[in-house]
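Summary of structural features
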Amino acid sequence: MRITRAEVRWVRMPLVAPFRTSFGTSYDRDTIVLRLVTDAGVEGWSECGAELDPLYSEEWLAGVELVVRDHLLPRLVALGDGLTTAAVKPALEPVKRHFMAKHLLETAVLDAELRSAGMPFATFLGSVKSRVPAGVSVGIMDSTADLLGAVAGYLETGYVRIKLKIEPGWDLEPVRLVRKEFGDILLQVDANTAYTLMDAQHLAKLDDYGLLLIEQPLREDDLRGHAELARIIRTPVCLDESITSARDAATAIAMRACSIINIKPSRVGGYLEARRIHDVAAAHGVPVWCGGMLETGIGRAPNLALAALPGFVLPGDTSASSRYYTQDLTAPFELDRDGCIAVPTGPGIGVEILPDVLASVTDRVIPLV
Ligand code: OSB
Ligand code: MG
């Protein structure tokens, strides 16, 4: 397989509601969508997990465009007819990190390869479920009344697990109120690195609320701190930002820095590495779940396939299209009666992109090859 054309599209999708985390508030989902065309005439599509600013991780969209254009894509073009999904990671290995940029390329190549083979992502990855339970990530709100209203709406819609974004000043009280109001629901929190080890005794007060987990309380580079914290609090520690590879996962598990892992394919450079993390975790009996970056249908479809692997035993942030957008870039993903979403069954990512919708949210198209 050889790349005959590559384009990046800058896309801005209005969110149905602002989404606030400890590192900022998003009103839109800005992303880059990559379209590859290969010599077989088959297209490959992918969506970038990065945001406009480097606040979740060190990557940001403008940087992704540059590193793809100047450093990553040329290495794939240089493979000529030797381009396969398996060849992508070794070809890009000399470039340090830039996981989201690498994920963008590897996923589009995988989509093209699977479309030409007529194979769905789920089959390729080894998925064992046709539907996956859906959780929802609930942002920081202006008031606890707003929060309780939002959570009530999501539970009514059918979400089977609630994740609350927390930060210093928005933690014990929101959790207490949600637990009191909604009883025995599956509940967890995500701090996006907002705390330090000096907050350990404060975070231990969350122990009373029977949370499934606390996600990424400390800095991404502080595995030792997470191990220390995990000895002090009873709530299981889950890592998101800290885990960028199967090696990181093995290290964090060995150090007891986490007992659960959030796997985001974009954060770890693609689906092959995401599956390796799943495998390492499974070998250690460590549960994993599929995180999200507010993806459109283009990024959501392959995430659902990943979430159907056997080690994904906790509900993911794989919500329905309507959680994010009034109009998705693909046919909308919907919750069924028991709060699950169907895994796509078509070849490749398994969904068709709606060209008119994509055109209406595209700011510019940049041809790279
Ligand atoms: O930490 O999981 C996170 C969104 C943007 C950046 C970081 C995170 C998130 C989410 C959204 O929690 C999850 C989703 O896609 O629904
Ligand atoms: Mg997170």
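What comes next is a walk through the structure. (Residues numbered from 1 in each chain as written. Chains lettered and ligands numbered in written order. Predicted model: local features only at pLDDT ≥ 70, side-chain atom pairs only at ≥ 80, totals over all residues. Heavy atoms only, no water.)

Brief notes about helix H10 (residues 271-283)
Taking 1.5 Å as the rise per residue, H10 with 13 residues should run 18 Å; its terminal C-alpha atoms sit 18 Å apart, in good agreement. Within the span of H10, buried status applies to Tyr271, Leu272, Glu273, Ala274, Ile277, His278, Val280 and Ala281. Positive phi shows up at Gly285, right after H10, with a value of about 70°. (Helix = DSSP H or I, 4+ residues; strand = E, 2+ residues; numbered from the N terminus. Expected span 1.5 Å × (residues − 1). Buried < 20%, exposed > 50% of the residue type's maximum accessible area, 1.4 Å probe, protein only.)

Things to note about the coordination of the magnesium ion (ligand 2)
Every protein donor of the magnesium ion (ligand 2) is accounted for by Asp190 (OD), Glu215 (OE) and Asp240 (OD), and the metal-donor separations fall at 2.1 to 2.3 Å. What makes Asp190 buried here is its relative accessible area of 0%. Given a relative accessible area of 0%, Glu215 falls into the buried group. (Donors = N, O, S within 2.8 Å, 3.2 Å for Na, K, Ca; no water.)

Quick word on the pattern of salt bridges
Throughout the structure, instances matching the rule amount to 26 salt bridges. Across the pair Asp190 and Lys163 runs a salt bridge, and its minimum N-O distance is 3.1 Å. A residue pair is termed long-range when its members are at least 10 positions apart, and Asp190 in strand E7 (residues 186-190) and Lys163 in strand E6 (residues 161-165) qualify at 27 residues. Salt bridges sharing common partners tie together Arg161, Lys163, Lys165, Asp190, Glu215 and Asp317. (Salt bridge = Lys/Arg side-chain N within 4 Å of Asp/Glu carboxyl O.)

Some thoughts on the site of ligand 1
Neighbouring ligand 1 are 17 residues; Ser137, Asn192, Lys264, Leu294 and Tyr324 lie closest to it. At 2.7 Å, a side-chain N or O of Asn192 approaches an oxygen atom of ligand 1. Taken by itself ligand 1 offers 390 Å² of open surface, and the protein chains cover 100% of this. If you count residues domain by domain, the shell around ligand 1 takes at least three from each of domain 1 (3-118 + 352-367) and domain 2 (123-342). (Near = heavy atom within 4 Å. Polar contact = N/O pair within 3.5 Å; in protein donor to acceptor, adjacent residues only side chain to side chain. Areas by Shrake-Rupley, 256 points an atom, 1.4 Å probe, with all protein chains shown as cover. Domains from an automatic or database assignment.)

Some points on the sheet that holds E7
The strand order across the open sheet formed by seven strands is E5-E6-E7-E8-E9-E10-E11, and the pairing between neighbours is parallel. At either margin of the open sheet sits one strand with a lone partner, and together these are strand E5 (135-138) and strand E11 (288-290). Against the sheet, H10 makes contact with strand E10 (260-263) and E11, and its axis sits at roughly 170° relative to E10, the strand it touches most. (Pairing = 2+ DSSP bridges. Contact = heavy atoms within 4.5 Å. Axes fitted to C-alpha atoms, helices over the stretch in contact; angles between N-to-C directions.)

Let's talk about the nonpolar core
Judged by nonpolar contacts, the single largest core of 92 residues is most densely connected at Val138, Ile162, Leu164, Val178, Leu206, Ile261 and Leu306. Counting the residues that make up this core, at least three belong to each of domain 1 (3-118 + 352-367) and domain 2 (123-342). Those residues in contact with Ile261 that sit more than four places away from it in its chain are Cys238, Leu239, Ile243, Ala249, Ile253, Ile277, Val286, Pro287, Val288 and Trp289. Within the second largest apolar cluster, 30 residues are counted, among which are Leu76, Met100, Ala101 and Leu104. (Core = buried A, V, L, I, M, F, W, Y, C linked by side-chain atoms within 4.5 Å.)

Nothing here speaks to function; it is all geometry.
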